[in-house]
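Tertiary structure, described
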Amino acid sequence: MNIPFLSFKGMHPQLREEVVGCLTRFYDSNWYVLGNDVKQFEADYAAFNQTKHCIGVANGLDALHIGLKVLGIGKGDEVIVPSNTYIATWLAPSYVGATIVPVEPDARTYNLDPTKIEAAITEKTKCIMPVHLYGQACQMDSIMDIARKHGLYVVEDNAQAQGAKCGDQLTGSFGNINGVSFYPGKNLGALGDAGAITTDDDELAYKARVMRNYGSQIKYKNEMIGINSRLDEAHAGVLSIKLKYLNQWNEERKKIAGHYRSGLGSLEHVVLPYIAEEVDSVYHQFIIRIKKRDELMAFLKERGVGTLIHYPIPPHLQEAYQHLGYQPGDFPIAEEIAGTALSLPIYPGLIEEEITYICDLIHDFFEKH
Ligand SMILES: *Cc1c(COP(=O)(O)O)cnc(C)c1O
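The rules behind each value
- Residues numbered from 1 in each chain as written.
- Predicted model: local features only at pLDDT ≥ 70, side-chain atom pairs only at ≥ 80, totals over all residues.
- Heavy atoms only, no water.
- Helix = DSSP H or I, 4+ residues; strand = E, 2+ residues; numbered from the N terminus.
- Rg over C-alpha atoms; globule rule 2.2 N^0.38 Å.
- Buried < 20%, exposed > 50% of the residue type's maximum accessible area, 1.4 Å probe, protein only.
- Areas by Shrake-Rupley, 256 points an atom, 1.4 Å probe, with all protein chains shown as cover.
- Lys, Arg positive; Asp, Glu negative; His and termini not counted.
- Charge placed at Lys NZ, Arg CZ, Asp CG, Glu CD.
- Pairing = 2+ DSSP bridges.
- Phe/Tyr/Trp six-rings, centres within 6.5 Å; stacked < 30°, edge-to-face > 60°.
- Right-handed = clockwise from strand over helix to strand, strands pointing away.

1. Some thoughts on the overall build of the chain
Secondary structure assignment for the chain yields 12 helices and 11 strands. The C-alpha atoms of the chain give 21 Å as radius of gyration, which agrees with the globular expectation for 369 residues (21 Å, within 12%). The principal-axis extent of the C-alpha atoms belonging to the chain is close to 70 × 55 × 40 Å. Expressed as a percentage of its 369 residues, the buried residues of the chain come to 56%. When the accessible surface of the chain is summed, it comes to about 16300 Å², and 51% of that surface belongs to carbon and sulfur atoms. Charge-centre separation for the chain: the mean point of 34 positive side chains lies 4 Å from the mean point of 46 negative side chains.

Here it is in structure tokens:
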């Protein structure tokens, strides 16, 4: 068997006609930037995410960057971020000149640990950036309580969890202003880079809308120093089509996760994902943790199974953040995850035989090692 880490086989072939129809209409439309398809997708995604506003932007990183910018966060302000995340969560506060304050995750959920946040808050703290890592919602009720108590903003990094919930509420609808990515491999992915901002706040929504378009609402009239970060019409059209299937695809991911759990549950050396009470996961990734991670990865690769590591180097040990002066050992939980996490294939269209094959191989591996 040959099982790639990521495939669109359960999503794209079925939508071919609809998507090609949309792209043909787009090609002939004579209108390529900020038109009706963007407006329509923004309305569709705001309805899906149960937020008053959605503002399409060029990618997820820009969404986070613009979010912090319109909140007025900048030099001298401290922003709390998880020590274990994709680098983008750190880059956004870096762009606005803010100081990064990493907080360790809960060692079981891999998400920001609410009990560790307050110790990191100082007079300079302005914002908490929870990341719903691997598709699992953070414990947003506790995080929002802490933010309210200390008068802090919250900017959710919802790049990996479109459709996930904490309690009855969707991720991307808790924070003051939130970012989401539609990078192709995300649960909802465009045919290239794309992202959006979600918020209930009229004023922040207005500012973000102006910011993404050169600081301009009326052509050639610039009210702020903005950037060019617009969502393309072609991406918006395709995203509206794919959005109709997102809940169904997320359900499929949950089913696959269930198969992995029953296939791997008996292995004592494999740590399976732990989903906290009151939250749900849309399983952007299915992470297992094992000591002999690199050996298992090579073993699976030799037998046709693609896996990835999310993420092999935590941000504080990246060359880009050398100037912060962190050393190995400073964030042991993030480092432990980086050293032991392995992401197994999980996507709509991955069939039960394939999951069984992967689980059987992992059993074989542990018999030999
Ligand atoms: C993908 C991702 C981003 C950035 O999204 P892009 O669209 O690639 O810019 C930000 N944060 C996390 C956690 C991500 O996984």
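Still more ground to cover, so stick around.
2. A word on the pairing of strand β2 (residues 78-82)
Of all five residues making up β2, five are buried, and the element is well covered by its neighbours. Of the two faces of β2, both are covered, the one formed by Glu78, Ile80 and Pro82 as well as the one formed by Val79 and Val81. Note that β2 and strand β3 (residues 99-103) share five bridges and pair parallel. Paired with proline 82 across the strands is valine 103, a residue of β3. Inspection of the sheet shows β2 paired to strand β4 (residues 125-128) by three bridges, in the parallel sense. Each residue of the ladder has a partner; that of isoleucine 80, found in β4, is isoleucine 128.

3. Re the packing of aromatic side chains
Going through the model one piece at a time under the given rule, you end up with 14 aromatic pairs. With 5.4 Å between their ring centres and 80° between their planes, phenylalanine 41 and phenylalanine 182 make a pair best called edge-to-face. Note that phenylalanine 41 is positioned in helix α2 (residues 36-49) and phenylalanine 182 in the loop between β8 (178-181) and β9 (195-199), a separation of 141 residues in sequence. One exposure class covers both phenylalanine 41 and phenylalanine 182, and it is buried. A ring pair is formed by tryptophan 90 and tyrosine 321, whose centres lie 5.1 Å apart and whose planes are at 65°; its orientation type is edge-to-face. Here tryptophan 90, found in helix α4 (residues 88-95), pairs with tyrosine 321, found in the loop between α10 (293-302) and α11 (332-340); they are 231 residues apart in sequence, far enough to count as distant.

4. Things to note about the pairing of β3
Across the five residues that make up β3, a large majority, four, are buried. The parallel pair β2 and β3, bridged by α4, forms a crossover whose chirality is right-handed.

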